[in-house]
Amino acid sequence: MPIVFSPFALFLSAMLMGLAQHPLGMGWFAWFSLIPFIFVLNRITEIKHYILAGFIWGFIYYLTVIFWLANNIGTTPLIGIISMICAVLYCTLNLIFICFLIKILKYFFREKWYWCFPFLWVSVEYIRNMDLLTGGPWTSLANTQLDFLTLIQNAEIMGIYGISFWIVLVNILIYNYLLYPYKENIMKLIIIFMLPWLTGKLLQERLVIDDSNSLEIAIVQPNIHLSQKWGKNIIRKNIQLLLDQSKIAIDDNVDLIIWPETATSGYILQGNDDYLNLILKSLRNSKLISGIPYFSDDGLNRKYFNSAVLIDSDGIKNIYHKIKLVPMGEYVPLSEYFPKLNQLNLGQGNFTRGSEHTIMDVNNVQCATMICFESTLPSLNRDFVNAGAEVLLYVVNDGWYETPPQPQQHSKQVIFRAIENRRPVLRCANTGVSMVVDPIGNKLDEL
C-alpha cells in the first residue's frame, strides 16, 4: 500500500469525531478532526483506496458513536452485538459513497476539490436522514455542537444541516491554511469560524418568548426497570406507583401531569376498565398525558400501536399512534410488504405505524405528543408545528440501555427541536433524562 494511504490517520480522525458525539464536553474535537481524513483523500488516487478510506473512517466513527447498541437488554448479548455490527456496517456505506463521489469530483477539480466537500457531506447527510435504518439524524455531525448554545441558535434558520456544513467548512479552511499558510487564508478561517457565533447571538437576543398562555406541569420519571415493567400481575402496582408519585402534583391541581412511554404497560383502554377508572378518579382537576400500548382489530387482523393518550377526569380526549417506528426495535423493515417477516423473533416489537399528526389541547395550549425516537427527527417535528403545535412533548423509555451514553445522546437532541421550531420542549422519560427546555434551548429543569 502506498505511503500516501494512512489507516492510522483515518482511525484518528474518525475516533476524534466519534468522541465529539459523546457527553464528554469534547464537541470542539469536531472543528479539526476531519483534517487527517481530508489529507488522505487528497493524496490517494486509486478507487480501491477511496472505498477502503470510506470503510475505515465510517466503521470507526459509527462504532465509536453507537457501540452501545450492543448493550440492549431487550435481546440476547449475541443478537445485540450482531445488530450493532450490522448497523455500523450499514451506516458505513454513507462514507464509502462520499469517498466514491470525491473520486469523481477530483477528476473535474483536481486541485480544489475539497471546497466541494461541505456541500457533498451535507447532501449525503440529508439524504441519509430520510432513511431510518441509519438512525436518522442520530449521528449527524451537528449533534457534536449541542454544548455550544450560541452557535446552534442558527438551527432556527439552517436546521442541523447548516451546523454540519459549518463543521466541515471549518475543517476545510484549516486544511487549506495548512496547504497555503497565507494571511488571507487565516483571516477567512477566523471570519467563518466567528460568523455563526455572532449571528447566533443576534438570533438569541431578538427572540421574544410569549408567556401569556402558560401551563403548570409535572413530569413524572418513575425509573421502573424493564423486568418490573413487564412482569406478570404487576400492571396495577406500576399504575399505583405512578399515581403515588403524581400525588403532590394532583393535590396542587397542576394543569398537566406527564407519564413516560408505555407507562401503564397494560392495555388500559381495551377491557381493563378497573385500571382506567383508577386513573380517572385520581386525577381530579389535572389532565394526564401518558404513553400506553394500544391495539385495534381490523377484520381478522389485530394491529398493535405504540401510543400516547390525553386523559382527564371525564375520560379519554385524544390518542396518538407513533408515526416513526424504530427499525428492528419496533418493526422489521419491509414487513408491511412481506408480512412473514413479522414472524422473525429478534426481540423486536411488531407495531403498526400511525398516520395522524394528533394535536392535544390542554387548557387551550396545543401540544404535540411524540414518542421516544421521534424526538430526533426534524421533519416530523416541523409537521406537528405546521399542524398548530405550541409545545413539543416527548414521552420516552430509555430503559433498554442502562448505562451512558445512549440516554444522554438521545435526550440532548431535543435542544435542536426547541431551537428549530422556537417551541418549548417537555421530555418525560421512564429512565434516563427528563427535562424542560425553553425555545432558546436552555434546560430549565433536568432529572
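This text goes with the structure placed above it.
What you are looking at is a predicted structure, and each value in this text was computed from that prediction instead of being measured.

Q: Quick question: what am I supposed to make of the sheet that holds strand 1 (residues 217-219) here?
A: Sheets are built from strands paired through backbone hydrogen bonds, the pairs being either parallel or antiparallel. Within the open sheet, the five strands sit side by side as 1-2-3-4-5. Their pairing is mixed. Edge positions in the sheet fall to strand 1 and strand 5 (315-321), since each has one partner strand and no second. Each neighbouring strand pair of the sheet contributes to a mean axis angle of 35°, computed without reference to strand direction. The pairing of strand 1 with strand 2 (residues 256-258) spans three bridges and is parallel. Bridge pairing in strand 2 links Ile217 to Leu256. Running over the sheet, helix 10 (residues 273-283) touches strand 3 (287-298), strand 4 (301-312) and strand 5 and is turned about 15° from strand 4.

Q: I would appreciate a short explanation of the packing of aromatic side chains in the present structure.
A: Aromatic rings considered in pairs are described by the distance between their centres and by the relative angle of their planes. Summed over all chains, the structure comprises 34 aromatic pairs. Taken together, a centroid distance of 6.1 Å and an interplanar angle of 50° make the contact between Trp28 and Phe32 tilted. Note on Trp28: relative accessible area 39%, which makes it partly exposed. Classification of Phe32 by relative accessible area gives partly exposed; the value is 32%.

Q: When you look at the nonpolar core in this model, what are you seeing that I'm missing?
A: Generally speaking, soluble globular proteins have nonpolar side chains that are buried together. Phe37, Leu41, Trp57, Phe117 and Trp121 are the most contacted members of the largest nonpolar core, which totals 105 residues. If you tally residues by element for this core, the top one is helix 6 (residues 155-179), at twelve residues. Apart from the residues lying within four places of it in its own chain, the contact partners of Leu41 are Tyr50, Ala53, Cys99, Ile102, Lys106, Trp113 and Phe117. Grouped together as the second largest cluster of nonpolar side chains are 24 residues, Ile239, Ile257, Leu278 and Ile292 included.

Q: Explain the state of the cysteines here, please?
A: Each disulfide consists of a covalent bond between the sulfur atoms of two cysteine residues. Going through the model one piece at a time under the given rule, you end up with zero disulfides. With no disulfide of its own, Cys99 has Cys116 as its nearest cysteine by sulfur position, at a separation of 15 Å. Relative accessible area serves as the criterion here: at 0%, Cys99 is assigned to the buried category. Note on Cys367: no disulfide assigned, nearest cysteine sulfur contributed by Cys428 at a separation of 13 Å. Using a relative accessible area of 0% as the deciding quantity, one classes Cys367 as buried.

Q: Would you take a moment to explain helix 2 (residues 35-43) for this structure?
A: Each α-helix winds once per 3.6 residues, and so residues spaced three or four apart point in a common direction. Looking only at helix 2, the buried set comprises Ile35, Phe37, Ile38, Val40 and Leu41. Against helix 1 (7-20), helix 3 (47-66), helix 4 (77-108), helix 5 (117-128) and helix 6 lie the buried residues of helix 2.

Q: Just to check I follow, could you spell out the pairing of strand 5 for this structure?
A: Both faces of the sheet carry side chains from a regular strand, because those side chains alternate between them. Pairing analysis gives six bridges linking strand 4 to strand 5, with the strands arranged antiparallel. Looking at the pairing, Ala308 lines up with Tyr320 of strand 5. Taking the residues that link successive antiparallel strands as the turn, the strand 4-strand 5 hairpin has two residues.

Q: Help me understand helix 10 in this model?
A: Listed in full, the buried residues belonging to helix 10 are Tyr275, Leu276, Leu278, Ile279, Leu280 and Leu283. Those residues of helix 10 that are buried lie in contact with helix 9 (235-251), strand 3, strand 4 and strand 5. Two residues or fewer past helix 10, Arg284 is found with a positive phi of approximately 60°.

Q: Sorry, what's going on with the pairing of strand 9 (residues 425-429) here?
A: Within strand 9, five of the five residues are buried, which leaves it mostly tucked inside the rest of the structure. Burial along strand 9 is two-sided: the face carrying Val425, Arg427 and Ala429 and the face carrying Leu426 and Cys428 are both buried. Relative to strand 9, strand 8 (residues 391-396) is paired through five bridges, and the arrangement is parallel. Bridge pairing in strand 9 places Leu392 opposite Val425. Across three bridges, strand 9 lies against strand 10 (residues 435-437) in antiparallel orientation. Directly across from Arg427, in strand 10, lies its bridge partner Met435. The turn linking strand 9 back onto strand 10 is made up of five residues, and Gly432 within it adopts a positive phi angle of 110°.

Definitions and cut-offs
Residues numbered from 1 in each chain as written. Predicted model: local features only at pLDDT ≥ 70, side-chain atom pairs only at ≥ 80, totals over all residues. Heavy atoms only, no water. Pairing = 2+ DSSP bridges. Helix = DSSP H or I, 4+ residues; strand = E, 2+ residues; numbered from the N terminus. Axes fitted to C-alpha atoms, helices over the stretch in contact; angles between N-to-C directions. Contact = heavy atoms within 4.5 Å. Phe/Tyr/Trp six-rings, centres within 6.5 Å; stacked < 30°, edge-to-face > 60°. Buried < 20%, exposed > 50% of the residue type's maximum accessible area, 1.4 Å probe, protein only. Core = buried A, V, L, I, M, F, W, Y, C linked by side-chain atoms within 4.5 Å. Disulfide = S-S within 2.5 Å.

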